Amino acid sequence: QVQLVESGGGSVQAGGSLRLSCAVSGTTFNYYTMGWFRQAPGKDRDFVARISPNSGQVRYADSVKGRFTISRDNAKNTGYLQMNSLAPDDTSLYYCVLGSWGDRAADFRYWGQGTQVTVSS
């Protein structure tokens, strides 16, 4: 019954920006930490960012710190990931997740289907 639907992915050139959205339904969104993971072909699923239920705490992977901004709008049951200064290494399938405060995949119970981000040089 819990659904997370990502959108906003696409293809951009290096240095460009995208904003991903995550629409959540079927659960009480503001009870959960929300986050983003990403997975490139043949690679592990890596932590990107997370945000606490009240937006009071955020954490980023070192690889995206200073370039990406995570946010949430609990009134809209929606989370966001603003991605600036994109580079080819950011090319991945990006997943929205809900769960506890952590940076391991096992800490997040609910996962979306993912949205593809492709960055060309």
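Above: the structure in question.
To keep things clear, this report deals only with the structure shown in the data block. Because the structure is predicted, anything quoted here is derived from the model rather than measured. (Residues numbered from 1 in each chain as written. Predicted model: local features only at pLDDT ≥ 70, side-chain atom pairs only at ≥ 80, totals over all residues. Heavy atoms only, no water.)

A word on the sheet that holds strand β8 (residues 78–83)
Read across the open sheet, the 4 strands follow the order β1-β3-β8-β7; overall the sheet is antiparallel. At either margin of the open sheet sits one strand with a lone partner, and together these are β1 (3–7) and β7 (68–73). Sheet twist, expressed as the mean angle between neighbouring strand axes with direction ignored, is 15°. One ladder, built from 6 bridges, connects strand β3 (residues 18–25) with β8; its direction is antiparallel. Within the sheet, the bridge partner assigned to Leu20 lies in β8 and is Leu81. (Pairing = 2+ DSSP bridges. Helix = DSSP H or I, 4+ residues; strand = E, 2+ residues; numbered from the N terminus. Axes fitted to C-alpha atoms, helices over the stretch in contact; angles between N-to-C directions.)

Points about the environment of Gly10
If you trace the backbone, Gly10 turns up in strand β2 (residues 10–13). Gly10 gets classed as partly exposed once you look at its relative accessible area, which sits at 24%. Note: C-alpha distance between Gly10 and Leu20 (10 residues apart in sequence) is 9.5 Å. In contact with Gly10, not counting residues within four places along its chain, are Leu18, Gln116, Val117 and Thr118. (Buried < 20%, exposed > 50% of the residue type's maximum accessible area, 1.4 Å probe, protein only. Contact = heavy atoms within 4.5 Å.)

Describing unusual backbone geometry
Look at Ser55: it is not a glycine, yet its phi comes out positive at around 65°. Mapped onto the elements of the fold, Ser55 is located in the loop between β5 (45–51) and β6 (58–60). Look at Ser55 and you get partly exposed, because its relative accessible area is 34%. At Ser85, a residue that is not glycine, the phi angle is positive and equals roughly 50°.

Some thoughts on the pattern of salt bridges
Across all of its chains, the model carries 4 salt bridges by this definition. The partner of Lys65 in a salt bridge is Asp62, and the shortest N-O contact between them spans 3.1 Å. Taking the relative accessible area as the measure of exposure, Lys65 reaches 51% and is therefore exposed. When its relative accessible area of 66% is taken as the criterion, Asp62 is described as exposed. A salt bridge links Asp90 to Arg67, with the shortest nitrogen-to-oxygen separation between them at 2.8 Å. Of this pair, Asp90 sits in the loop between β8 and β9 (92–99) while Arg67 is found in the loop between β6 and β7, placing the two residues 23 residues apart along the sequence. We note that Asp90, like Arg67, is buried. The network of salt bridges with common partners includes Arg38, Arg67 and Asp90. (Salt bridge = Lys/Arg side-chain N within 4 Å of Asp/Glu carboxyl O.)

Remember that the coordinates give geometry; whether it matters functionally is a separate question.
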